[in-house]
Each structure stands twice: as C-alpha cells, then as structure tokens.
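Residue-level structural notes
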Amino acid sequence: CTVIFTRLATRDLHKPISILFCNLAVSDLFTSFSGFWISMLFITNPDITIFGSQDMLAPYALYTTSILSTIYNLVSIGIERYLAVAESMRTRFRVARSHSIAVVSVNWLLAFSLGCLPLLGWHCLPAGSSTSVLYSPFCVNYLVFVTLPNVAVAFLVPLFTYLRIIIILRKRKLRMQACGQAAGTYRSAETQVARTSISIWLLALASYAPFFAGVVFDATNQRCHTDLYPGVYIFRNCTAILITLTCLGNPLLYTLSLRELGAKLKALRCLSPGRLRACAV
C-alpha cells in the first residue's frame with residue numbers, strides 16, 4: 001500500500017515502468033489479501049482447507065489469480081527493462097505509457113481467465129480421483145495445466161532478458177573504453193542490473209520452487225488426505241509464507257529501496273506550505 005500510494009502521489013514517478021511497478025504492488029496486495037482470507041478459513045474451520053469445500057473455491061481462485069498476475073508483471077518488467085537498453089536496428093524502441101497500460105490490462109485479463117477456471121466448473125466437487133491433496137477442491141490436472149507453462153515463462157523469459165541486458169551493457173562499456181571514453185556509468189549500471197537479476201532469481205527460487213514441488217507431489221501422489229496429515233500441510237503453510245515474503249520483497253527489489261522510499265514519503269509530508277521551510281532546512 002505504501003508503494004502504491006507513493007507511486008500515485010509522486011508526479012515524477014508517472015513513467016511506463018512505474019505503471020508496471022505499481023501494478024506489481026497491486027498484485028502483491030491481492031496475494032496478501034487472499035492469503036489472509038485462506039488463513040482465516042483455516043483458523044475457523046481447518047477441515048475445509050484440508051478436505052476441500054465450496055467455500056474454498058473463491059479464496060483459492062483469487063489466490064491463483066494474484067500469483068499469476070505477479071508472475072506476468074515480473075516478466076513484463078524484465079521485458080521492459082530489456083527494451084529500455086536494447087537497440088533495434090537504427091533506433092531504440094521506447095515503451096510509452098499506453099504500452100504499459102495495455103500490458104497491465106492483458107496481464108490481469110489472462111490471470112483472471114486462468115485463475116477463475118475453477119469457479120466456472122473446473123473443480124473436483126464432489127471429491128473425485130483427481131482431487132488435489134494440498135489444494136482441495138482444485139483438480140490436479142488444473143494445477144498442472146496452470147503451473148507448468150507459467151513456471152517456464154516465469155524462469156526462461158527473465159533469464160533471457162536479464163542476461164541480454166548484462167551482455168548489451170558490457171558491449172557498450174567495452175566500446176566506450178576502446179574510444180577512450182569514461183565507462184563508469186555503464187559499469188555502475190551493469191553491476192546494478194546484475195545484482196537485481198541475482199536477487200530476482202534467489203527470491204523466485206526460494207518462494208515459488210516449493211509451490212511447484214507441491215504441485216508435482218500432488219500429481220504423483222496416490223495417498224489420501226489422512227495418510228499425509230499433518231506433515232504435508234505444514235509444508236503447504238510454509239510455501240504460503242514464502243510467497244507472502246515475496247510480496248514484501250518485490251516492492252523493495254523492483255521499485256524503491258528503503259532509503260529512497262523514506263525520502264519520497266518525507267517529500268510527500270512536505271507538500272503543505274507551512275512545512276516547506278522546515279523541510280528545506
């Protein structure tokens with residue numbers, strides 16, 4: 001919420017990439033909200049989160065939609081960063097605000113289309129042979145259908161874009177050094193991109209890899225819920241915690257550092273005329 005408020009209230013942050021950053025924060029907010037909804041259902045009636053119920057379809061659908069939207073936003077940010085530094089033939093392709101708005105709309109449309117399929121009938125109520133053990137009443141074939149292609153997109157596309165960014169920046173730095181020009185700016189940019197991309201991979205690996213492992217376990221498991229209680233559900237809860245930590249880490253990695261965020265909030269507090277002189281001091 002802090003990132004969203006800061007992005008909307010600060011005029012100099014209304015840029016195409018800022019729209020993607022703000023939308024990423026919205027996706028993380030929905031993920032946290034749906035996770036809190038599922039947690040409250042677990043506290044009030046733990047059995048429905050284990051054996052499945054009609055009441056779990058809506059929160060799980062929102063949870064799936066939010067995760068898919070987050071994945072698509074991360075991919076979009078990686079592509080936008082690549083287009084920002086890559087040269088296409090003689091000119092550089094510039095991403096306009098209209099492009100970012102269109103990408104955000106497509107991301108949410110695709111996320112809702114895939115995430116709400118269980119609400120449209122693709123579920124296992126009453127319980128059937130393909131019921132998910134971890135995420136009842138979802139079907140295993142639905143989880144596999146949603147997870148496998150999106151995992152491939154979430155890892156392969158950013159891998160290509162960030163590696164290409166690093167290669168392009170390195171070539172430009174070497175070209176400038178050959179011409180006798182200072183390359184400090186490019187060296188700093190290359191280091192920053194490399195550090196950010198490594199952080200992206202570590203955070204994605206720590207949070208979404210266990211979720212993917214849970215789906216694979218669901219697809220290969222042949223035992224019933226009671227045989228796996230409670231260990232497999234502790235693993236499921238830990239996976240949800242890791243995804244929530246990703247929601248906390250994304251704004252810091254892609255948007256603002258803590259120091260910059262504090263400076264922006266301080267600037268917003270200084271907008272009133274009575275505080276301008278004090279803030280200047």
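About the criteria used
Residues numbered from 1 in each chain as written. Predicted model: local features only at pLDDT ≥ 70, side-chain atom pairs only at ≥ 80, totals over all residues. Heavy atoms only, no water. Helix = DSSP H or I, 4+ residues; strand = E, 2+ residues; numbered from the N terminus. Buried < 20%, exposed > 50% of the residue type's maximum accessible area, 1.4 Å probe, protein only. Contact = heavy atoms within 4.5 Å. Areas by Shrake-Rupley, 256 points an atom, 1.4 Å probe, with all protein chains shown as cover. UniProt positions renumbered as here; feature names shortened; annotations may be inferred. Core = buried A, V, L, I, M, F, W, Y, C linked by side-chain atoms within 4.5 Å.

Next up on the list: the overall build of the protein. When helices and strands are counted, the protein shows 11 helices and zero strands. For the protein, the residues scored as buried account for 42% of the 281 residues in total. Contacts in the protein between residues far apart in sequence, at least 24 positions, make up 75% of those at least 6 positions apart. With the model as given, the accessible surface of the protein reaches about 15500 Å², and the carbon-plus-sulfur share is 68%.

The next thing to look at is the side chain of Ser34. Position of Ser34 relative to the elements: it lies in helix H2 (residues 16-44). What Ser34 contacts, discounting residues up to four positions off in sequence, is Pro59, Leu62, Tyr63 and Ser66.

In the numbering used here, UniProt assigns the feature "transmembrane region" (unreviewed entry) to residues 17-40, 60-79, 100-122, 142-167, 198-217 and 233-256. In residues 17-40, helix accounts for 100% and strand for 0%; the two terminal C-alpha atoms are 35 Å from one another. Strand forms 0% of residues 142-167 and helix 100%; the C-alpha atoms that close the span are 38 Å apart.

With that out of the way, let us pick up the nonpolar core. If you look at the biggest cluster of nonpolar residues, it comprises 29 residues, and the most contacted ones within it are Tyr135 and Phe138. Listing elements by their share of this core, those giving two or more residues are H2, helix H3 (46-51), helix H4 (57-85), helix H5 (97-115), helix H6 (140-178), helix H7 (184-220) and helix H9 (231-254). If one sorts the elements of this core by residue count, H4 sits on top with seven residues. Apart from residues no more than four positions distant in its own chain, Tyr135 is found in contact with Tyr60, Leu143, Phe211, Asp218 and Arg236. Phe21, Leu24, Ile77 and Leu169 belong to the second-largest nonpolar core, a separate cluster that totals 15 residues.

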